[in-house]
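Residue-level structural notes
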Amino acid sequence: MSQGELVFNPFSSRLSAKSLLILCMLLYALLEFYTISYSLNTYAFLGATALCLVFVLAFPRQSILDEVNTPSVLYLTSLAAYAAISYFWAINKPETHYYTTLLLRNALIFIMFSALFRDQAIRHKIHYLFTLVLIAYLLTALWEITTKQHLPVSKLYGKDSFVPTGPFYGENLLAAFILPLLPYLIFLPKVLPGKLTRVFSQLLSLACLLIVTLQGARIALLAVAAMLVWLAVWHASWKSRLLSILLVALLGSALFFFAGPFMRLGIAIARREIVSLSSEQVSSRLSSMQIRRQLITESLEILESSHFFGVGAGNFERHMDTDRLYRTAGIINPHNYFLELMGNFGLVFLLFFLFLYGRWLYWLYLAYRQSTNVQTKYYYLMHLVSLLMFIPAASMPSSIKWNHHIWIMFALYDRIANPVNWRKELA
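Residue numbering note: each chain is counted from 1, following its sequence as written. Two thresholds apply to this predicted model, a pLDDT of at least 70 for residue-level local features and 80 or more for giving and counting side-chain atom pairs, whereas whole-chain, interface and lining totals are computed over all residues. In computing side-chain values, all of the structure's heavy atoms are included and hydrogens and water are not.

**Structural notes on the packing of helix α7 (residues 171–178) against helix α10 (residues 195–215)**
In this analysis, axes come from line fits to C-alpha atoms, helices being fitted only over the stretch in contact, and the angle between any two N-to-C directions falls in the range 0 to 180 degrees. The secondary structure listing takes helices from DSSP runs of H or I that are at least 4 residues long and strands from runs of E that are at least 2 residues long, numbered from the N terminus. Between α7 and α10, the least distance of the axes is 10 Å, while the angle of their chain directions is 150 degrees. It follows that α7 is roughly antiparallel to α10 by the angle criterion. When the axes of α7 and α10 are compared, the crossing they make is left-handed. When α7 is examined against α10, the residues Glu171, Leu174, Ala175 and Ile178 are found in contact with a partner set consisting of Cys208, Ile211, Val212 and Gln215. In this count, Pro and Cys sit with the nonpolar residues alongside Ala, Val, Leu, Ile, Met, Phe, Trp and Tyr, while Asp, Glu, Lys and Arg are called charged and the others, Gly among them, polar. Class assignment for the residues of the contact of α7 with α10 results in 6 nonpolar, 1 polar and 1 charged. Relative orientations are named as follows: roughly parallel for angles under 35 degrees, roughly antiparallel for angles over 145 degrees, roughly perpendicular for angles from 65 to 115 degrees, and oblique for any other angle. Each crossing is labelled by how the near helix is turned from the far one, with a counterclockwise turn of less than a right angle marking it left-handed and a clockwise turn marking it right-handed. Only heavy atoms matter for contacts: two residues are in contact if any of them lie within 4.5 Å across the pair.

**Some remarks on the side chain of Ser86**
If you trace the backbone, Ser86 turns up in the loop between α4 (70–85) and α5 (93–116). Here's how the labels work: a residue is buried when its accessible area is under 20% of the maximum for its type, exposed when over 50%, partly exposed in between, all with a 1.4 Å probe on protein chains only. A residue is classified by how much of its surface remains accessible, and Ser86, at 0% relative accessible area, is buried. Side-chain atoms alone can form a polar contact between residues adjacent in sequence; in general such a contact is a pair of N or O atoms within 3.5 Å, and within protein one must be able to donate a hydrogen while the other accepts it. A distance of 2.6 Å separates a polar side-chain atom of Ser86 from the backbone oxygen of Ala83. Excluding its chain neighbours within four sequence positions, the residues that come into contact with Ser86 are Thr96, Gly312 and Ala313.

**Structural notes on the pattern of salt bridges**
Any carboxyl oxygen of Asp or Glu within 4 Å of a side-chain nitrogen of Lys or Arg constitutes a salt bridge here. Summed over all chains, the structure comprises 11 salt bridges. With a closest N to O distance of 2.7 Å, Glu298 and Arg327 form a salt bridge. Taken together, the residues span a long stretch of sequence, with Glu298 in helix α14 (residues 288–305) and Arg327 in helix α16 (residues 324–327) at a distance of 29 residues. The exposure class assigned to Arg327 is partly exposed, which follows from its relative accessible area of 35%. Note that Arg327 is salt-bridged to Asp323, the shortest N-O span being 3.7 Å. Its relative accessible area of 47% is what places Asp323 among the partly exposed residues. Salt bridges here are not isolated pairs; linked through shared partners, they connect Glu298, Glu301, Asp323, Arg324 and Arg327.

**Examining the packing of helix α6 (residues 120–147) against α7**
One way to put it is that α6 packs onto α7 with a least axis distance of 11 Å and a crossing angle of 145 degrees. By crossing handedness, the relation of α6 to α7 is classed as left-handed. Taken together, the residues of α7 that come into contact with α6 (itself represented by Leu134, Tyr137 and Ala141) are Leu174, Phe177 and Ile178.

**A short note on helix α11 (residues 218–234)**
For α11, spanning 17 residues, the distance from its first C-alpha to its last is 24 Å, which sits close to the expected 24 Å at 1.5 Å a residue. Among the residues making up α11, those that are buried are Arg218, Ile219, Ala220, Leu221, Ala223, Val224, Met227, Leu228 and Leu231. Under the convention used throughout, the expected extent of a helix is 1.5 Å for every residue step, that is, one less than its residue count.

**Description of the side chain of Ser114**
Structurally, Ser114 is set in helix α5. A polar contact is formed between the side chain of Ser114 and the side chain of Asn69, at a distance of 3.1 Å.

**As for the nonpolar core**
Residues grouped as a nonpolar core are buried Ala, Val, Leu, Ile, Met, Phe, Trp, Tyr and Cys residues, joined through side-chain atoms within 4.5 Å. By size, the foremost hydrophobic cluster in this structure holds 124 residues, and its most contacted members are Tyr75, Phe113, Phe345, Phe353, Phe390, Trp407 and Phe410. Among the elements that make up this core, the one with the highest residue count is helix α18 (residues 347–370) (12 residues). Residue contacts for Phe410: discarding those within four places in its chain leaves Phe110, Phe353, Trp360, Leu387 and Phe390. If you look at the next biggest cluster of nonpolar residues, it comprises 5 residues, including Leu156, Phe162, Val163 and Leu214.

**A look at α7**
The buried fraction of α7 is high, at 6 of 8 residues. Along α7, the residues that are buried comprise Leu173, Leu174, Ala175, Ala176, Phe177 and Ile178. Taken together, the buried residues of α7 touch α6, α8 (182–186), α10, α11, α20 (390–393) and α21 (405–417).

Structure below.
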């Protein structure tokens, strides 16, 4: 028995300590993906951090940094340090302090799960956990639609509304975070072949489309529709296409028969959203698309006025809460992670993140192209499409800074995409 194991007295072996740590981290991940209580998540984060710290002290040869995660950890720690420094020029200093703590939490979450995903077996099975999380979102949404009740974390809690928000504050957040998880459900039949898997995947994918339609989340609606059409045209056999048509017909008939009012309402919402896309240009009031375009203009002006250094962590909204809000119909949130990053922290950190993001995309594409095994090829394509879905997902909520689970997914992308890992697996 090594010295490190003797220090870690509660466990009889290194394997048992590692197994317990993995179990605790996966349970914590579930809490971040499916929030029951924000305070519970905070306590779970502190507990997971303490457990990881004990593990590192007990097994000192377990390094935190390696050649794979160093650039991403450097980005996150530098961003948190810059956020702390921006306290000296920020106008809203309490918000800067709060935002800095959120960034430190993101950095620690990324580091912990980056270490967890070093395990190849976990990397190759974690998409099943993501699929289960998405199913939990769908079941919660179905419960909300049929009962008009909501979870305590929802802004609609206690209100009589059929619009689902899931384990999130608002409906836009649910629609947004369905997007990066949906590819794991869509590609499930490719990595786990079988007729039942194919039917299961297609039915639940259609359910996702129906939910984002009921929410009126047009960006998510367009993204989901485009993903399904792309899959049907380029990655589905004629049998799968025929099965999809039959399932749509059966599902539509069943919904009209058992839930006619909801179905008609969903069709009406979808028609309204599609028509509004072409009519927004002539609307007398600011449309959502016009507001988003104006937010880009205002963000660029804020960036320029800060000499491209950013206005300070969490201070974007403070600088928007002037006469600018009249040009954005009262909206002061960036509604876009990239704009939020640029406005708060400047051009350098935006480019740093785009470098990491673009590198993940490129490496995942290379892994997909160089894979010869069909299941392995779709395994990498699944993660590539999920990463691409972050773009529309990041453009929907007012801010994703409170949703820490995205950094769990980034830690996974960082591990899977890096050629250090996939070249060994493809060799």
